[in-house]
Amino acid sequence: MKVLCNISYILCLTLLLHSCEKEETPIVLPSKPADVKLMGVEMGKDYRNQIFVNLQTGATTTIDNLSWDLAFDASENGTLIYQNSGKNILIANTGYTSYQQNQPASQLKFKWDEANGKPDSLVLKNCLKNSKPTDSVYIINRGPSKELFQFKIISVTKYEYMLEFSDMNKTYSKRITISKDPNKSQVYFSFDDGGKYMNMEPARNDWHICFLRYRWIYYEFNPPLLYLVNGTFLNTQFVSAAVDSSMSFYDITKANTASLLFGDQRDVIGFDWKSPDLGNLSNVKYTIRKNVTYFIKEKSGSNQLFKMRFLDYYNSQGVKGSPQFEVQELN
């Protein structure tokens, strides 16, 4: 009988306490607009995937980042030539106008393109003068295990580039035509297999950004530290971009972008949307700067405007090199 009384007492006390509790006010999470799209790409564990992304459709095109050595401006009036910094390529001007036999590469000053891609920051900016080739011979160093070549730009027209190259022993020389494609931003060339022309980008107006491995220079070191990073380039012939860290992503409207400064250097977005934790150098972990919003604006036609922010650098299996991001078109 005593046990039953105790149970009754406990039940009554529980009901009393429950009746005295305040009702909790539910937490209202910020609403996510229905037109915000979640996107992601897989650069691969060795970062060889170079991925072109259309922010409107979500369509992607993937090429092998190590398959090319030089990229050429494919527009009718284009004269810019870029080195593949993700392949650790370096180029030196020999000072000669003819190929040399057994040119000692160790005596040359090899240089790099800056990540911003501005015309005056490219190693091959001086291969033309007044739109005419200077006949200079360059040496391309494609890395420790790759063959070096001597080359020169023979001609540039609105239809094509003419490139000539030789091995370092001057045992042969060969000319390759790099055909322009007015529908593309760039066309590509590799010195492998006797020289290969490649037209593998999606059409100029079909992509906004490209994920790839490229080189960043830390000039605070002496000599400068050449460091490979994984980040994002703009399609500078099609879009410009701006950055903001003061506004909340979901609250940003098109009106909020009126005072932003848009730039068209290719690394406006770059690689610092993620931050490394250098506490364990053998297994560096990255965190995402989710407070940073990037704005990508088309230069022609509809002037479409997108906002995007990064959410993760790892996929569901925990593999890095897998940027996840969300995008919304601003109307």
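Heads up: the structure comes first, above all this text.
Quantities reported herein were computed from a predicted structural model and do not represent experimental measurements.

Got a minute to help me understand the packing of aromatic side chains in this structure?
The geometry of an aromatic ring pair is captured by the separation of the ring centres together with the interplanar angle, meaning the angle of the planes. According to the stated counting rule, one finds 24 aromatic pairs in the structure shown. Here a set of aromatic residues connected by ring pairs shows up, and it is made of Phe211, Trp273, Tyr286, Tyr294, Phe310, Tyr313, Tyr314 and Phe325. Geometry around tyrosine 161 places lysine 180 over its ring, the cationic atom sitting 5.1 Å from the centre. Sitting above the plane of the phenylalanine 249 ring, lysine 307 keeps its charged end 4.7 Å from the centroid.

What exactly am I supposed to notice about unusual backbone geometry here?
In most cases, non-glycine residues show a negative phi, while peptide bonds are predominantly trans. Each neighbour pair has its own omega, and for asparagine 222 with proline 223 the value is 5 degrees, a cis peptide bond. For proline 223, the position within the fold is in the loop between strand 15 (209-218) and strand 16 (225-234). Of note in this structure, aspartate 193 is not a glycine but carries a positive phi near 55 degrees. Turning to its location among the elements, aspartate 193 is positioned in the loop between strand 13 (186-190) and strand 14 (196-198).

So what exactly am I meant to see when it comes to the environment of asparagine 141 here?
Position of asparagine 141 among the secondary structure elements: in strand 9 (residues 138-141). Since its relative accessible area comes to 22%, asparagine 141 is described here as partly exposed. In sequence terms asparagine 141 and threonine 293 are 152 residues apart; their C-alpha atoms lie 37 Å from each other. Those residues within four positions of asparagine 141 in sequence are excluded, and the remaining contacts are Asn88, Ile89, Leu90, Phe110 and Leu148. Within the local environment of asparagine 141, its side chain forms a polar contact with the backbone nitrogen of glycine 143, the two atoms lying 3.0 Å apart.

What should I look at first to understand the sheet that holds strand 12 (residues 173-179) in this one?
Two orientations exist for strands paired in a sheet by backbone hydrogen bonds: parallel and antiparallel. Across the sheet, which stays open at both edges, the five strands sit in the order 6-9-10-11-12 with antiparallel pairing between neighbours. This sheet does not close on itself; its edge strands, each paired only once, are strand 6 (90-93) and strand 12. For this sheet, the mean inter-axis angle between neighbouring strands, taken without regard to orientation, is 30 degrees. In terms of strand pairing, strand 10 (residues 149-156) meets strand 11 (residues 160-167) through seven bridges, oriented antiparallel. Bridge pairing in strand 11 links isoleucine 153 to leucine 163.

Conventions adopted
- Residues numbered from 1 in each chain as written.
- Predicted model: local features only at pLDDT ≥ 70, side-chain atom pairs only at ≥ 80, totals over all residues.
- Heavy atoms only, no water.
- Phe/Tyr/Trp six-rings, centres within 6.5 Å; stacked < 30°, edge-to-face > 60°.
- Lys NZ or Arg CZ within 6 Å of the ring centre and 35° of its normal.
- Helix = DSSP H or I, 4+ residues; strand = E, 2+ residues; numbered from the N terminus.
- Buried < 20%, exposed > 50% of the residue type's maximum accessible area, 1.4 Å probe, protein only.
- Contact = heavy atoms within 4.5 Å.
- Polar contact = N/O pair within 3.5 Å; in protein donor to acceptor, adjacent residues only side chain to side chain.
- Pairing = 2+ DSSP bridges.
- Axes fitted to C-alpha atoms, helices over the stretch in contact; angles between N-to-C directions.

Don't take any of this as a statement about function, it's just geometry.
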